[in-house]
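# Working through the structure, step by step
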Amino acid sequence: MTLLERDLQLAALGEYVADARRGEGRLVLVSGEAGIGKSALLEELERRIVDARWSWGACDGLFTPRPLGPLLDIARELGGPLHHAVQTDCPREDIFQALLAEIEGGARPSILVFEDVHWADEATLDLLRFVARRIRRAPVLLLVTYRDDEIPSGHPLRSCLSQITSERSTRRLDLPRLTPAAVGILAAGSGLEPDALHHLTGGNPYFLTEVLRGSGGTGLPASARDAVLGRIDGLSRVARKTLEAAALLGTRVDPTLLDQLVAPSEEAVDELMDAGLLVPEGNGLRFRHEISRLAVEETIAPHRSAPLHGRILSLLRQDENADDARLAHHSEGAADAAAVLTHATLAARRSSALGAHREAAVQYERALRWAGARDARTVALLDDALSDEYGLLDRWDEAAEARESALDLWREAGDPIREADSLRLLSRCFWRLCRGSEAEAAAQAGLELVEPHGPSEELARALAAAAGRRMVNGDLAEALELADRAAALADDLGLLDVVSDALNTRACTLYSSGREWIDPLREALATALAGNVQEAVGRAYANLYALANASLDFAEGDSAYVEGMAYCESHDLGTYINCLSAERVTALEFTGRWDEALELSLDRMAIPNLSPVNRLTTFFTLGRIGARRGDPDVWDHLDAGLRGAKSLEEPQYTIPARLARVEAHWLAGDVDAAVDEALQAAAMGDRVDPFMQGQLAVWLVRLGQEPWARDVSEPFATQLRGDVGASVLAWETIGCPYDAALALVDAPDESSWLEALPRLDALGATATADLLRRRLREVGARVPAGVRATTRSHPCGLTRREQEVLELVADGLTNLEVADRLFISAKTVDHHVSAVLGKLGVTNRREAGLEAARLGLVEHGERVPTT
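The present account deals with the structure reproduced in this document. (Residues numbered from 1 in each chain as written. Predicted model: local features only at pLDDT ≥ 70, side-chain atom pairs only at ≥ 80, totals over all residues. Heavy atoms only, no water.)

## A few points about the environment of T733
- As for its position among the elements, T733 is in helix α38 (residues 724-734).
- Residue T733 is classed as exposed on the basis of its relative accessible area of 62%. (Helix = DSSP H or I, 4+ residues; strand = E, 2+ residues; numbered from the N terminus. Buried < 20%, exposed > 50% of the residue type's maximum accessible area, 1.4 Å probe, protein only.)

As structure tokens, then:
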């Protein structure tokens, strides 16, 4: 098919090639729906740019993604050190560096193509992040294609795209559908009505081609699939047999394998190419589109597909470097249980080692489906491994289910040591699910079961787990004793992950008791990094960030956050990505960046499978900021936060949940309810860290209650002494504008209250400012009108993100399209659109577009939506 209406895109790509020739590397994201012509566009570019070194790799939708699948294709093509690295199970950092060395050192510019990354594994997405940060000064053009209609909220590609697009070297290229005029040109001579053809196909080039090929003058087929099937029906028996074998081999067809599988005649292959089902690619063949391959595969009856999968498996096994993910797929297709168990387990381990934990979980799930009546030990090991992967992905309900299954099997196998270890790990699952009493019981039962058997790896881990449980419950002396025992035993056994975990718990315990904590925590991080213990690294970064923020050292915290997120994202540590994000929300709130805190909070709440414990602090922030801004839905967040905290049964969560409610009641004028909540928090105040004790003490005094009996940390101690000026200066120096304003609110004089008002207005703390204005009126003072900071910076009071949303809404985009464009969740877009409508004083999106155009907030308003 002639390539129509792609001149602008080809011109842009030509400019990016020129940039690469000058040593200014580019990563170009080429997006569009399935069948829009992404591959055709890049193939046309390759025909035009013949003096570059082209390398193609693709993610395959046929089976669970191979870790680094596109890179394996490219390495096989390029050979040399890169091919050696991927074939010898090198650490992935070495593999990434080998690719970089390969593409930076050529005499000609390198053009790499990564196709269909909506199917990519996590390791491939990490590779894209790695390259995006490093190609700006290299003669490289990296072209990445993906289907923008197949990345829902929570898809790992969304996070990857969000980071990649922030790099200076990244460019985006969106492919639109064909216009009716282009469809008319392509349909000329077909006898089909162009308008009806455009209506049917929507201007999708692939669908259009299939319809034109399959119509045969008999009218329009109902779908592209029907068009493909119509052509299959006209094939000879030999050609159809060849096509079925090719469909099971994948989108790209190895001619050697195909020949070994069915020995097709040249005539049969020519027949398939003449029908437009297969096209040549290098020395091989490929389906013209994955949609065509899927349509063929769906027609193959099980009694024919299983023997074919078995023969493919047998042929692939003859290659000692065959990929286990591919072997596992064909093993399952052949219903070969023993082969599935072998290859799925090996594929899972390799995926996990490369940081592709989603793919590892899928492979362990596959292995368990075919484990059948294997012995209890074999199945228990698979359940344990699957639970580990689920935990790293923050899928704790599933992790608990798999761990409970393993626990039952270890009991059946009569192995008390492994039973104890499963109890320890089950305790972690329960904690993540806010099932506090069950977490405590499981950890204690595991320790009691393993301790009589003497020193062992399992005992060291049980001691470390028990230390963590004592720490979060405020039993600090016992926590330190258990952590030190765990560290000593783990050191003797060479268990770096346990040493790191014990040091981590020791640091948290020291912090809670008001002692120096940062050196032990840095040692925990260094130990985990030295041992390449990913989970321990994640926990160390998460706690380093949390404790730095709680110590009001936001500079130290920011450093931990940046380093920690980079590490956790590059190793697919979903749980600790979520932990760091949760703490980020809190840090943004305390430092007065409330709009950012709310946006990140809403994005977090849209994450599928986000564990209950990782939601708690976000509920608190939504509740606190919502109360300060007069959000009518604030109690939904506050009630959810308290329910989770009470279920977890830990003071470190229960007290913040209570204090958030204290503030909401106080702002609403219900002092009695605020006092009740504060006293309930005070009942467990001796079991938390100095920061929380300071917060609690200040609120008790603010509510007219007796001050906290114990010493508290600064700046709370200064605030309790009534030194208003010193308190305000301290909070300002730290970078906490709302706390500085509250210090003025707590002062006894009108001048301090008047000074607090513009500070509260600047934050958008309307409810707090209203409370203060009522107080001023009660004493007969002149009350200035409120002026929001956003109003001074934007004529309608829109935040930066709200303005971005408004521009896209005015341009006719739906909420889902806005979410895709900005790489945020649709739920977050809903929130922003509601805020925009309210601030513009309109009732629907069309009115918003028109009003924005009238006020000059957007460049044009003619494409406003009609609904």
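That was the structure; now back to the text.
## Here's the deal with the nonpolar core
- Judged by nonpolar contacts, the single largest core of 117 residues is most densely connected at W517, W666, L703 and L760.
- A per-element tally of this core places helix α28 (residues 534-550) first, with 10 residues.
- Beyond its immediate stretch of four places on either side in the chain, L760 contacts Y738, A741, V745, A765, T768, A769 and L772. (Core = buried A, V, L, I, M, F, W, Y, C linked by side-chain atoms within 4.5 Å. Contact = heavy atoms within 4.5 Å.)

## Some words on the pairing of strand β1 (residues 26-32)
- Across the seven residues that make up β1, a large majority, seven, are buried.
- Neither face of β1 is left uncovered, since the one carrying R26, V28, V30 and G32 and the one carrying L27, L29 and S31 both have all their residues buried.
- Pairing of β1 with strand β4 (residues 140-147) involves seven bridges; the strand directions are parallel. Across the sheet, residue L27 finds its bridge partner in β4, namely L142.
- In this sheet, strand β5 (residues 170-174) lies alongside β1 in parallel orientation, the contact comprising five bridges. Bridge assignment links L29 to a residue of β5, and that residue is R172. (Pairing = 2+ DSSP bridges.)

## Points about the environment of S166
- By secondary structure assignment, the location of S166 is in the loop between α7 (156-164) and β5.
- With a relative accessible area of 56%, S166 lands in the exposed category.
- Each C-alpha atom, one on S166 and one on L771, is 41 Å from the other, the two residues being 605 residues apart in sequence.
- A polar contact is formed between the side chain of S166 and the backbone oxygen of Q163, at a distance of 2.6 Å. (Polar contact = N/O pair within 3.5 Å; in protein donor to acceptor, adjacent residues only side chain to side chain.)

## Regarding a negative patch on the surface
- Residues D397, E401, E404, D408 and E412 make up a contiguous surface patch of negative charge.
- Relative to the assigned elements, E401 resides in helix α21 (residues 396-413). (Patch = residues over 30% accessible without salt bridge, like charges linked within 9 Å, V, L, I, M, F, W, Y side chains within 5 Å. Areas by Shrake-Rupley, 256 points an atom, 1.4 Å probe, with all protein chains shown as cover. Salt bridge = Lys/Arg side-chain N within 4 Å of Asp/Glu carboxyl O. Lys, Arg positive; Asp, Glu negative; His and termini not counted. Charge placed at Lys NZ, Arg CZ, Asp CG, Glu CD.)

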